[in-house]
Amino acid sequence: MIQLQDIEKVYRTKTIETVALNRVNLLVERGEFVSIMGPSGCGKSTLLNIMGLLDEPTSGYVAIDGKPVKTHSDRQLAKLRNEKIGFVFQSYHLIHDLSVVDNVELPLLYRPVSAGERRKSALEALEKVGLSTRTKHFPSQLSGGQRQRVAIARALAGNPEIILADEPTGNLDSVMGNEIMDILLRLNQEEGTTIVMVTHDEHMALKTNRLIRFFDGQQVADSMVIEAQI
Amino acid sequence: MIRHLFKLIWNRKKSNFLLISEIFFSFLVLFGVLSFALYNYHNYRQPLGFTHDNVWQVWINPNTDSTAQNLAVQEQLLQRVRSFPEVAHASLASSNTPFSFNTMNGDLTYEKGKEVETHNFEVQDEFKDVLGLQLSQGRWFGPQDNSSLHPAIVINQKLKGDLFGSEDPLGKKVSANDSTHYTVIGVVNHFRPASEYAAEEGAFFGRINLSKDNKYVWTGLLIKVKPGTGVAFEEKMVKEISAIAKGWSIEVTTLEKMRQSKAKMTLVPLVAMAVVCGFLVFNVALGLFGVLWYNINKRTSEIGLRRAMGATTRQIRTQFVGEVLVMATFGLLLGLLLAVQFPLLQVFQLSPAIYWQGIGTAAVLIFLLVALCALYPSQQASRIQPAVALHEE
Ligand SMILES: Nc1ncnc2c1ncn2[C@@H]1O[C@H](COP(=O)(O)OP(=O)(O)O)[C@@H](O)[C@H]1O
Ligand SMILES: [Mg+2]
């Protein structure tokens, strides 16, 4: 589904050169729930951004569904992000001046669908995360857990094949974090959505199928969690 | 997408208020200045009704009160002026000659109709030839008017409309407030002597007849000289008539010079207004640019998010330009609410067409200005890398 080969990412500023990713190889299969762990600054977000076509690697090969994306135009990349990928961020990234349901409609705004259909899909997505009663609220009126559920609903509204979640529970307490984790697990198990999630929480990571550990821009472990648990 | 923009703008109405009110005020100022400029331009395009090339203005002033003697001198002086071969035509006139700063007005009434304000020009028969007046109806003054019971007058089209509407004015009697009655004998096409930039006003000519109870020394002597006549003749003429009219002050100028100084009266304030308005608009543009720049920088994470959700660079650019244009439309609509009162209520007696043109031009200029100011910041916004934009929080 997503294939990364020999990915390198180097950030250059005037004074320093940071190697954020060093020869990373990764194949995420359809239907997998992959968790990524590693210390802060080891390149997890960078990896997720490259998988989500938000950033380009300095060198290496990225393919979605077997098709290399290097030569894609801005429009083709936007279309892939819009249709195939849903994003969930640690800091939610909701638009403060839009109501919950308007926030959830966002990915559909960049598709040729009618206002009515947009609204319908958005409400369905909010139903899935249990926020049907908060559709007219504004983000500032919600708790952190509710905000992250809005963000998940927004990712779901576009009906993506894969969800990329960067520390989705990082700002939440364990109760709210577990709620979010349950939603993601259900999505993976019931709807077959592929999920790649960065997390710092070992408990959460152990609930997924596959755990990849990172250190200093390199994979240091890649194991099936089920095996690890046995 | 438009609906989405409306929602965004509405929900941010507090921070957008400043921008909208800036646009509102700029529109009103532009509308005012443009209407004024268009009004002057529109007047400028209308015929004056007379030609002023080679027409000289000779101001003659006796400086004494001995009427009988002065009247005799006036006649002698006129005869001398007419006898120069360089002078084609000459006519005494009341002091409100074309492009002068003098006016003489009064009211005229036709039958039981309403009083109509009008300008009164006292002229001799040759005045028509001095200024090349064109009659559209009836005739100009002639010796046959010497014996008329009610003094003959010639009116301009504007006064004809004001007094008579569509009625035929020829032979009709009109009265002034001092209960003098006049008979209308002719209509000139146009007569707009105040300034090239002034609207035409009602005007009528009365006849100066020196041989019949003339009581005044007419200070505005107009002469039409033959082409090519210059300063040498002016000196000669002034010398000779000064010899006749001893002690009188005599000043010669040309109608062209008078036209220029009259034009300055309009153009100087107009240019000043245009400069102030231009400065204001420039400031607003800078402010607008600054506000947009600031807003867009504040919204980088939103931009990154939208890119992640599948917006193309073009859609980002369109969204930001679109937002600004929608706000400009709000500001303009508010301004329009005020501006349309001017043509609807006929404020200042400008014709509604001029107001509408002012509104249209101001609106187009504002849209252009706003689009121009929005283009660059929006372009920059669309270039922000999504990963970088999402990183900044
Ligand atoms: N835009 C950037 N410019 C320069 N350095 C960056 C940028 N983004 C990330 N980095 C650096 O790259 C490394 C990896 O960052 P990141 O992927 O955010 O780590 P993680 O998500 O694992 O904490 C860090 O050292 C970080 O400082
Ligand atoms: Mg990170």
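Only a predicted model underlies this, so the values are computations on that prediction, with no experimental measurement involved. (Residues numbered from 1 in each chain as written. Chains lettered and ligands numbered in written order. Predicted model: local features only at pLDDT ≥ 70, side-chain atom pairs only at ≥ 80, totals over all residues. Heavy atoms only, no water.)

Undergrad: Describe in detail the overall build of chain A, supporting the description with residues and values.
TA: Secondary structure summary: chain A contains eight helices and 10 strands in total. Its C-alpha radius of gyration of 17 Å places chain A within 12% of the 17 Å reference for a compact globule of 230 residues. Its C-alpha atoms give chain A principal-axis dimensions of about 45 × 45 × 35 Å. Long-range pairs, those at least 24 residues apart, make up 69% of the contacts in chain A between residues at least 6 apart in sequence. Entry remark: accessible area of chain A is about 10,500 Å², with carbon and sulfur atoms responsible for 49%. (Helix = DSSP H or I, 4+ residues; strand = E, 2+ residues; numbered from the N terminus. Rg over C-alpha atoms; globule rule 2.2 N^0.38 Å. Contact = heavy atoms within 4.5 Å. Areas by Shrake-Rupley, 256 points an atom, 1.4 Å probe, with all protein chains shown as cover.)

Undergrad: Residue-level account of unusual backbone geometry, with values.
TA: Residue and element names in this part refer to chain A. The backbone of aspartate 6 sits at a positive phi, close to 50 degrees, despite the residue not being glycine. Summarising the element assignment, aspartate 6 is placed in strand 1 (residues 2-12). Residue aspartate 6 is classed as partly exposed on the basis of its relative accessible area, which comes to 34%. Unusually for a residue other than glycine, leucine 53 sits at a positive phi of about 60 degrees. Tracing the chain through its elements places leucine 53 in the loop between helix 1 (44-51) and strand 4 (59-64). Given the relative accessible area of 8%, leucine 53 is considered buried. (Buried < 20%, exposed > 50% of the residue type's maximum accessible area, 1.4 Å probe, protein only.)

Undergrad: How would you sum up the site of ligand 1? Please name residues and give values.
TA: Residues and elements named next belong to chain A. Looking at ligand 1, the residues that line it are Tyr11, Thr18, Ala20, Ser40, Gly41, Cys42, Gly43, Lys44, Ser45 and Thr46. A distance of 3.2 Å separates an oxygen atom of ligand 1 from a polar atom in the backbone of cysteine 42. Sorting the residues of the shell around ligand 1 by element identifies strand 2 (17-28) and helix 1 as the ones contributing at least two each. Ranked by residues supplied to the shell around ligand 1, first place goes to helix 1 with three residues. (Near = heavy atom within 4 Å. Polar contact = N/O pair within 3.5 Å; in protein donor to acceptor, adjacent residues only side chain to side chain.)

Undergrad: Which residues make up the domain arrangement of chain B, and what are the values?
TA: All names here are of chain B. Assigned domains within chain B: domain 1 (2-45 + 261-392) and domain 2 (63-247). Each of domain 1 and domain 2 has a C-alpha centre, and these two points are 52 Å apart. Across the boundary between the two partners, domain 1 contributes 10 residues, which contact 10 residues of domain 2. Run the count over domain 1 and domain 2 and you get zero salt bridges. The interface formed by domain 1 and domain 2 includes five residue pairs in polar contact (both at pLDDT 80 or more). Mapped onto the side of domain 1 that touches domain 2, the elements with two or more residues apiece are helix 2 (13-45) and helix 7 (255-298). Take the side of domain 1 that touches domain 2: its biggest share by element is six residues, from helix 7. (Domains from an automatic or database assignment. Salt bridge = Lys/Arg side-chain N within 4 Å of Asp/Glu carboxyl O.)

Undergrad: Please set out the side chain of Glu200(B) residue by residue, giving values where relevant.
TA: Residues and elements named next belong to chain B. Residue placement: glutamate 200 occurs in the loop between strand 8 (181-188) and strand 9 (203-207). Summary of buried charges: glutamate 200 has no salt-bridge partner, and the nearest side chain of opposite charge, arginine 192, is 5.2 Å away. A distance of 2.8 Å separates polar atoms of two side chains, one belonging to glutamate 200 and the other to histidine 190. Within polar-contact distance, the side chain of glutamate 200 engages the backbone nitrogen of phenylalanine 191 at 2.8 Å. If we skip the residues at most four places from it in the chain, glutamate 200 touches Asn156, Lys158, Asn189, His190, Phe191 and Arg192. (Lys, Arg positive; Asp, Glu negative; His and termini not counted.)

Undergrad: Please provide a residue-by-residue account of the confidence of the model for chain B, values included.
TA: Regions with low pLDDT should not have their predicted coordinates read in detail. On average, residues of chain B score 90 in pLDDT, and 99% of them are at 70 or above. With a pTM of 0.78, the predicted complex shows an ipTM of 0.92. (pLDDT = per-residue confidence, 0-100.)

Undergrad: Talk me through the layout of surface pockets; I want residue IDs and the actual numbers.
TA: When its volume is computed, the largest pocket comes out at roughly 820 Å³. Lining the largest pocket are 31 residues, with Glu122(B), Pro151(B), Thr180(B), Tyr182(B) and Arg207(B) sitting closest to its centre. Mapped by element, the contributors of at least two residues to the lining of the largest pocket are strand 3 (105-110), strand 4 (116-123), strand 6 (152-156) and strand 9 of chain B. Take the lining of the largest pocket: its biggest share by element is four residues, from strand 3 of chain B. Along the wall of the second largest pocket there are 30 residues; nearest its centre are Ser45(A), Thr46(A), Asn49(A), Asp166(A) and His391(B). (1 Å grid on protein atoms, 1.4 Å probe; cavity = no way out; pocket = protein on both sides within 12 Å on 5 of 7 lines; lining within 4 Å. Points joined across faces, edges and corners; volume = space filled by probe spheres on them.)

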